[in-house]
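Architecture at a glance
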Amino acid sequence: MLLPTLVTCLAGCAFLLSPVSEGCGPGRGYGKRRSPRKLAPLAYKQFSPNVAEKTLGASGRYEGKITRNSDRFKELTPNYNPDIIFKDEENTGADRMMTQRCKDKLNSLAISVMNLWTGVRLRVTEGWDEDGHHSEESLHYEGRAVDITTSDRDRNKYAMLARLAVEAGFDWVYYESKAHVHCSVKSEHSVAAKSGGCFPGGALVTLENGGQRSIRDLQPGKRVLASSGSDGSGELVYSEVLAFLDHDPMTRKLFYTIRTEAGASLSLTAAHLLLVSEGNCSEGAAPAHGTMRTMYASDAQPGQCVLVAEGEAGQKHGEGRLSPITQVSMREDRGAYAPLTDRGTVVVDGVVASCYAVVNQHTLAHWAFLPLRLMHRWTGTTGHHGNGLHWYSRLLHWLGRLLLDSEHFHPWGVAQPGG
C-alpha cells in the first residue's frame, strides 16, 4: 500500500536530510549516485500530458489574441538565445516573441538538445503568430506555443525531441507532424495561481484569547481555532501553529473566494483543500457523520456546504455548522501563507479549512506530515524556515512525485524552479 510506504520514506528521509538549525530542500544526499533515468521517445501523434491542450491539466484556456497594438503585447519578450535557430520566415522577428514561461522552457530545451546530439541545435519554425495563419484560438496567437525541429532537420530525432520538451517543462507537448513537434505553456496568469495552497495575508484566524489576527502577523507557537475531526467535523478546539508550509509576503496570487449563506467569505488558492459536505445540507445544520470530504478550492461549487465557526470572539466554540456556498469568484491579492497546525485544520475567516494542498486527500497529507509533527514534539522546532516554501514541503512533493501517480495531484500544484 502506498500510504505506509510514503510515510516510512518520509520519516527516514526527513530526519536524514534535514538539519534542525538550517532548513533546506532535497539534495543528492550521500552514497552511490543514482543512474540517469532512460528517456522514452514520444510516439507519433502522442501528446503529453494525455489531455486536451487547452484544459486545466495542460496549457489552460485560450485568453485572446495578442497584437503589437494591444496592452497585452508587454506580456511577450524576445528570445535572442544564440543556441536556438529561429526560422522567422516573415522576417519580422515574430517567431522570437513569446511569454517568459515559454522562453524559459525553450531555453532549457535548447541545452538538452545540445547535450544529447553533438553539433545539433534547437530550431523554431513557428512562434508567436500575428498574421492569422493558425486555427482559431491557437495558443500561437498568445506567444504561448512553438513548433520545433532540430537544426539538422533529421526527422528520426523528433520523437526524442518531443520527450526532451516534456522533460524541459512544457505544459503540453504534441508530436503533431512528421515535420515538427508542437509545444505550449500555461499563461502567466494561471501560473500566478500555482505554488501549492495558501491564504492571502489579510485572512484572519482566531487566537486562544478570543482575538483575531491576520495570517501575515501570525507566528509559530500561537494556538488558533481548528477542527478536532480529521474531516473537519467534531468540536472546534485550539491547536498550535507548528510552522508555515509556505510564507511569501511579497507575491501576488490569484485566489478563489468562497462566499456562504452565513456571510462568511474565505479566499484560498486553487490547489488548497477545502472541507465540503457531500450530501444535501441546510444552513446551520450539524454535519452528519461521514458526509464531509475534501476537495480543491478550484472545484468548489455553489450549493455545496462548508463548515463555519459559530460564536463571537472570546466565546467557547462548539462544532462547526454547515453553510451553503452561494458564490465562487476569483481575485488577486498580496501574500501567500499556509500555516500548519498540529490538528492539520484551521479556521480562516470563519470557515474550517484543511492546512494542506496539492495532493487530493486530506488524510493522506496529514499522515505524510507526521514526521514533521514528531520532529516538532521531540525538538521544539521544524527547522529553520524563512520566506518561501518550507523545506519539508519540497521534500514531500519530491517523494510524492516518485511514489504517487499524477492523478493524485492538482494540475496547479507546486511550481517548479524557474516556473
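Here, the structure is the one placed above.
Cut-offs used in this document
- Residues numbered from 1 in each chain as written.
- Predicted model: local features only at pLDDT ≥ 70, side-chain atom pairs only at ≥ 80, totals over all residues.
- Heavy atoms only, no water.
- Helix = DSSP H or I, 4+ residues; strand = E, 2+ residues; numbered from the N terminus.
- Contact = heavy atoms within 4.5 Å.
- Areas by Shrake-Rupley, 256 points an atom, 1.4 Å probe, with all protein chains shown as cover.
- Pairing = 2+ DSSP bridges.
- Axes fitted to C-alpha atoms, helices over the stretch in contact; angles between N-to-C directions.
- 1 Å grid on protein atoms, 1.4 Å probe; cavity = no way out; pocket = protein on both sides within 12 Å on 5 of 7 lines; lining within 4 Å.
- Points joined across faces, edges and corners; volume = space filled by probe spheres on them.
- Salt bridge = Lys/Arg side-chain N within 4 Å of Asp/Glu carboxyl O.
- Buried < 20%, exposed > 50% of the residue type's maximum accessible area, 1.4 Å probe, protein only.
- Expected span 1.5 Å × (residues − 1).
- Parallel < 35°, antiparallel > 145°, perpendicular 65-115°, else oblique.
- Left-handed = near helix turned anticlockwise from the far one by under 90°.
- Nonpolar A, V, L, I, M, F, W, Y, C, P; charged D, E, K, R; others polar.
- Polar contact = N/O pair within 3.5 Å; in protein donor to acceptor, adjacent residues only side chain to side chain.

1. With respect to the overall build of the protein
Scanning the protein for helices and strands turns up seven helices and 20 strands. By sequence separation, contacts in the protein at least 24 residues apart represent 68% of the contacts at least 6 residues apart. About 19200 Å² of surface is accessible on the protein, with carbon and sulfur atoms providing 49% of the total.

2. Quick look at the sheet that holds strand E8 (residues 180-184)
A sheet is described by the order of its strands in space; here six strands give the open sequence E1-E7-E8-E6-E5-E3, paired in mixed fashion. The strands lining the two open edges of the sheet, one partner per strand, are strand E1 (47-48) and strand E3 (84-86). Two elements, E3 and strand E5 (residues 122-126), share three bridges in a ladder whose sense is parallel. Considered in E5, the bridge of Phe86 is made with Val124. Taken strand by strand, helix H2 (residues 100-116) contacts E3, E5 and strand E6 (145-150), and its axis lies near 140 degrees from that of E5. Across the sheet, helix H3 (residues 158-168) lies against E1, E5, E6, strand E7 (172-177) and E8, angled at about 165 degrees from E7, the strand it touches most.

3. What to know about empty space enclosed by the protein
According to the stated counting rule, one finds two cavities of 30 Å³ or more in the structure shown. Volume-wise, the second largest cavity comes out at about 30 Å³. If you trace the second largest cavity, you find 10 residues lining it, with Arg72, Glu75, Thr99, Arg144 and Ser187 closest to the centre.

4. With respect to the pattern of salt bridges
Close approach of charged atoms allows side chains of opposite charge to pair. The final tally for this structure, using the stated rule, is 11 salt bridges. Between Arg68 and Glu130 there is a salt bridge; the shortest N-O distance is 2.8 Å. You can see Arg68 sitting in the loop between E1 and strand E2 (76-78) and its partner Glu130 sitting in the loop between E5 and E6, a full 62 residues away along the chain. Residue Glu142 pairs with Arg72 through a salt bridge whose shortest N-O separation is 3.0 Å.

5. A short note on the environment of Glu188
If you trace the backbone, Glu188 turns up in helix H4 (residues 188-191). For Glu188, a relative accessible area of 32% translates into the label partly exposed. Separated by 44 residues in the primary sequence, Glu188 and Arg144 have C-alpha atoms spaced 9.4 Å apart. Leaving out residues up to four positions away in the same chain, Glu188 has contacts with Thr99, Gln100 and Arg101.

6. Section: H2
The end-to-end C-alpha distance of H2 is 25 Å, a good match for the 24 Å that 17 residues give at a rise of 1.5 Å each. Arg101, Cys102, Lys103, Lys105, Leu106, Leu109, Ala110 and Val113 are the residues of H2 that are buried.

7. So, the packing of H2 against H3
At a minimum axis distance of 9 Å, the contact between H2 and H3 shows a crossing angle of 135 degrees. Our classification of the angle between H2 and H3 gives oblique. For H2 against H3, the interelement crossing comes out right-handed. Contact with H2, carried on its side by Lys105, Ser108, Leu109, Ser112, Val113 and Leu116, involves Met160, Leu161, Leu164, Ala165 and Ala168 of H3 and no other residues of that element. Across the contact of H2 with H3, the residue classes break down as eight nonpolar, two polar and one charged.

8. A closer look at the environment of His182
Of note, His182 is situated in strand E8. Considered as a pair, His182 and Ala145 are 37 residues apart in the sequence and their alpha carbons are 7.2 Å apart. Ignoring sequence-local partners within four residues, the contact set of His182 consists of Glu53, His140, Ala145, Val146, Asp147, Trp172, Val173, Tyr174 and Glu176. Engagement of the side chain of His182 in a polar contact is seen with the side chain of Glu53, the distance being 2.9 Å.

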